Amino acid sequence: MAEKLIVIGGTAAGLSAASRARKEKPDMEIQVFEKSGFVSYGACGLPYFVGGLIHDINDLVAINAESLKNRRNISAWIHHEVLLIDPEKKEVTVKNLDTDQVSIHSYDKLVIATGAVPVVPPIPGIHSDGVYYLRNMEDGIRLKAAAREHGRVCIIGGGAIGLEAAEELRNAGLSVSVYEQFPRLLPFLDNAFSQALEDTLIKHGINVHTGTQIAEILSENGKASGIRTAFGEIEPSDIILVSAGVKPAGALAEQAGLALGLKGGIIVDDEMRTSHKDIWACGDCVQMKNRITGKPAYVPLGTTANKQGRIAGGNVAGGHDTFKGILGSMVTKVFELFIAATGLSKEQAAGEGYDAISVSITKADRASYYPGGRDNHICLIVDKKTGRLLGAQGIGSESIAGRINVLATAITCGMTVEEINELDLVYAPPAAPVYDPILIAANQAMKKITE
Ligand code: FAD
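A few points on the structure. (Residues numbered from 1 in each chain as written. Predicted model: local features only at pLDDT ≥ 70, side-chain atom pairs only at ≥ 80, totals over all residues. Heavy atoms only, no water.)

1. Regarding the side chain of aspartate 383
Residue placement: aspartate 383 occurs in strand 24 (residues 375–383). Buried within the structure, aspartate 383 lacks any salt-bridge partner; its nearest side chain of opposite charge belongs to arginine 388, at an N-O separation of 6.0 Å. There is a polar contact of 2.8 Å between the side chain of aspartate 383 and the side chain of threonine 386. Setting aside residues no more than four positions away along its own chain, aspartate 383 makes contact with Tyr354, Asp355, Arg388 and Leu390. (Helix = DSSP H or I, 4+ residues; strand = E, 2+ residues; numbered from the N terminus. Buried < 20%, exposed > 50% of the residue type's maximum accessible area, 1.4 Å probe, protein only. Lys, Arg positive; Asp, Glu negative; His and termini not counted. Salt bridge = Lys/Arg side-chain N within 4 Å of Asp/Glu carboxyl O. Polar contact = N/O pair within 3.5 Å; in protein donor to acceptor, adjacent residues only side chain to side chain. Contact = heavy atoms within 4.5 Å.)

2. Concerning the site of the ligand
By nearness alone, 30 residues border the ligand, and Thr11, Ala13, Glu34, Arg135 and Asp284 come closest of all. One of the backbone nitrogen or oxygen atoms of alanine 13 is found 2.9 Å away from an oxygen atom of the ligand. With respect to the ligand, the side chain of tyrosine 41 contributes an N or O atom lying 3.1 Å from an oxygen atom. Starting from 1000 Å² of accessible surface for the ligand in isolation, the protein chains cover 89%. (Near = heavy atom within 4 Å. Areas by Shrake-Rupley, 256 points an atom, 1.4 Å probe, with all protein chains shown as cover.)

3. Let's talk about the nonpolar core
Residues Leu169, Val176, Leu241, Leu380 and Leu407 are the most contacted members of the largest nonpolar core, which totals 70 residues. Sequence-distant contacts of leucine 407, that is, excluding residues within four places in its chain, are made with Thr342, Ile378, Leu380, Leu389, Ala392, Ile420 and Ile438. (Core = buried A, V, L, I, M, F, W, Y, C linked by side-chain atoms within 4.5 Å.)

4. Some remarks on helix 4 (residues 137–149)
For helix 4, which comprises 13 residues, the first-to-last C-alpha distance of 19 Å matches the rise-based estimate of 18 Å (1.5 Å per residue) to within 8%. Along its buried surface, helix 4 packs onto helix 2 (46–51), strand 9 (131–132), helix 5 (160–171) and strand 16 (239–242). (Expected span 1.5 Å × (residues − 1).)

5. Brief notes about the pairing of strand 14 (residues 223–229)
Strand 14 sits mainly inside the fold: five of its seven residues count as buried. By the bridge criterion, six bridges tie strand 13 (residues 214–220) to strand 14 in an arrangement that is antiparallel. Note that in strand 14 the partner of serine 219 across the bridge is alanine 224. Where strand 13 folds back on strand 14, the antiparallel hairpin that results is connected by two residues, among which asparagine 221 adopts a positive phi of roughly 55°. Sheet topology places strand 14 next to strand 15 (residues 234–236); three bridges connect them, and they run antiparallel. When the sheet's bridge partners are listed, glycine 226 is paired in strand 15 with proline 236. (Pairing = 2+ DSSP bridges.)

Such coordinate-based values are descriptive only and should not be taken to indicate function.
Right, here's the structure in full:
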C-alpha cells in the first residue's frame, strides 16, 4: 500500500510541503485538511484586496483545490478542521465544517502547518461585533464589506500589517486612526526611521497615536462604536481593526504532546521534525532559530513558511535538507515610503552582549543629476569589536528592498563592513549612483569603528 501523508493547513507552508513531497514521491497518498474555505492563498495580498487595488479575492489564490487534485494529485479538503492528533495510533480526527460530520484518518507521516492566530488583547469589549482582524481570506472579505458600508476605522496596533491596512483603508476613503502602545511605530527601526514613517502617515491624513494603550472598546447594542484610550480620550468609530501581532497556532500540537517553545511555537530540529519522529511542522506555527545568535526566535513571515514547507515535504519523503534559520528580513510599503530591515536592531544587538554601534547615511538612489531620484536612508548595526555586520535597516524608494537584500546576504556570509565596502556593486545614472548607498554606509561604519 502507498505511504500516506496528511498535512494540516493548506496555505504557504502546508502546500509547499505537500507539493515537494509529491515531487519526491510520486506514489505517496497526500491529503491536506484546511479549515477555511480557501487553499494556497497569499495572505500578504489581503490589505490590497481590502483597499480595492485587487478586485477579486480569487486573484490571491495561486492554485485551488480542484487544480491541486488534477495537476498534482493532492487531495485538499477545505472546510475540514483537524480536531485531534493521536500520535500513537497515527490518526487525526477531522470535522467537516459544512456537515458537522466527524471522521478519523490514519497517516504514516504528518505535517503540521497550522500557521498563526491573531493575538487578542485583553481589552474590555474586544469580542463585540464590529471588531475585525486581518489574518485569512474570510477576514479580508468581512473587513472589505464593512469598509464599503462605513467611514471610520480605528486600528489597534502599528505593526507592518496594521500600517498596510491603514494605507489601503485611507485610499478607500475612510477616516483612519492608528493606535500603538509603544512610543514609536515599528519599534525595531532606528528612531529617525520610525519618525519618518509616522510623518508619512500623517501627511496622508492618518491620525497616529503612539504610546497610547486602548483601555476599552465602546459599544452600543453589542456593536463596537469606538474606543477609549488609557488617557481617557474617546474616539467614535464604526470599525475596530485589531492588528496586535500573531502567535503560533500550536493548540493541536500541544494536545498531541509535542514539545513547544518560544511563544508556544512547535519545537522542530533543523530538518523540521518535531519531538515525534513521524511528525514534521513548518511555517508560522513553529519556533524558529535566529541565524546570528543561534537562539530561538519567532518572526512569522511568508518567505520562511514557504522554505520550511519545502524542506519539511522533502524530508517527509526521505530527504535530509536543513533549514539554517532566519534573519527576520522584511520589507513593507506605506504610501510612497518603502521600509526594509534585516538582522538585529541596535537594541537587540546590545541585548545579546555585542558592543554594537550604528551609523546612518542618506544618499540618492541614482546619479544626482538623473531625474526622478529619491533618497535612500540606510542604518547599519555593526559589532565594534570585529566589524561584522549584525543588522541593516533602510527607508526610501522601492530600491531599498534590493539594498537590504544585499546586506542580508552580507550578514549571512558573516561579512565585515570593510569587506562590504570592497563589494563590486552596479552603477549607471538611472539605476544607482557611482558609490552605492551600501558602500557609503559601510565606509562610514568603518570610520566609526576606529573612532
Ligand atoms: P497560514 O498562512 O496561517 O496558514 C495556516 C493554515 O492552516 C490556515 O489557512 C488555517 O486555516 C489552517 N489551519 C489552522 N488550524 C487548522 C486545523 N486545526 N485544521 C485545518 N486547518 C487548520 N509575510 C511576508 O513574508 N511578507 C509580507 O508582505 C506579508 N504580509 C502579510 C500580510 C497579511 C495581511 C498577513 C495576514 C500576513 C502577511 N505575511 C507576510 C505573513 C505570511 O502571510 C505568513 O507568514 C504565512 O502565511 C504563513 O504561512 P503558514 O502556512 O505557516 O500559515
